[in-house]
Amino acid sequence: MGLAESFGKSGFAQLVNSPIGRITRIAIGLGLIAWGYTHSATSTGAVIMAVGLVPLAAGVFDLCLISALLGGPLSGARIGKSAPHS
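Calculation notes
Residues numbered from 1 in each chain as written. Predicted model: local features only at pLDDT ≥ 70, side-chain atom pairs only at ≥ 80, totals over all residues. Heavy atoms only, no water. Patch = residues over 30% accessible without salt bridge, like charges linked within 9 Å, V, L, I, M, F, W, Y side chains within 5 Å. Areas by Shrake-Rupley, 256 points an atom, 1.4 Å probe, with all protein chains shown as cover. Salt bridge = Lys/Arg side-chain N within 4 Å of Asp/Glu carboxyl O. Helix = DSSP H or I, 4+ residues; strand = E, 2+ residues; numbered from the N terminus. Buried < 20%, exposed > 50% of the residue type's maximum accessible area, 1.4 Å probe, protein only. Polar contact = N/O pair within 3.5 Å; in protein donor to acceptor, adjacent residues only side chain to side chain. Contact = heavy atoms within 4.5 Å. Expected span 1.5 Å × (residues − 1). Arc of directions from axis to C-beta.

Caption draft 1: Structural view of a nonpolar patch on the surface. Where nonpolar side chains cluster on the molecular surface, the patch consists of Leu3, Phe12, Ile66 and Leu70 and spans about 380 Å² of accessible area. For Ile66, the position within the fold is in helix α5 (residues 65-69).

See the structure below:
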């Protein structure tokens, strides 16, 4: 079993790609964007807002960047299908 497949079957991957995980990623992204906006007078604020776009987009479009970095599927739906069924 490869690293990507092992990750896809892990409880963490299943949690992150569940509806609760997607909502959490969206909330984190919005929180980072809001925090960056409060510091928008500095270049740090712009960077924080840009970083916030990553979890926001991942949650909205159901993407799992960790899986993709490990060579697995980018789609959260495909990771959900690889879950061990009990």
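Next, the rest of the story.
Caption draft 2: Quick peek at unusual backbone geometry. With a phi close to 55°, Asp62 is a non-glycine residue in the positive phi region. Along the polypeptide, Asp62 turns up in the loop between α4 (43-60) and α5.

Caption draft 3: Layout of the side chain of Asp62. Using a relative accessible area of 15% as the deciding quantity, one classes Asp62 as buried. A polar contact of 3.3 Å, which involves the side chain of Asp62, links it to the backbone nitrogen of Ala77. Every residue in contact with Asp62, bar those within four places of it in the chain, is listed here: Asn17, Arg22, Arg25, Ala57, Leu74, Ser75, Gly76 and Ala77.

Caption draft 4: Expanded view of α4. Here α4 is 18 residues long and its end C-alpha atoms lie 26 Å apart, about the 26 Å a rise of 1.5 Å per residue gives. All of the buried residues along α4 are Gly45, Ile48, Gly52, Pro55, Leu56, Ala58 and Gly59. Summarising the axial view, the buried residues of α4 lie within an arc of 160°, below the 170-degree limit, and thus occupy one face. Among the exposed residues of α4, those pointing more than 90 degrees away from its buried face are Ser43 and Val47. Taken together, the buried residues of α4 touch α3 (19-38). Following α4 by one or two positions, Asp62 has its phi on the positive side, about 55°.

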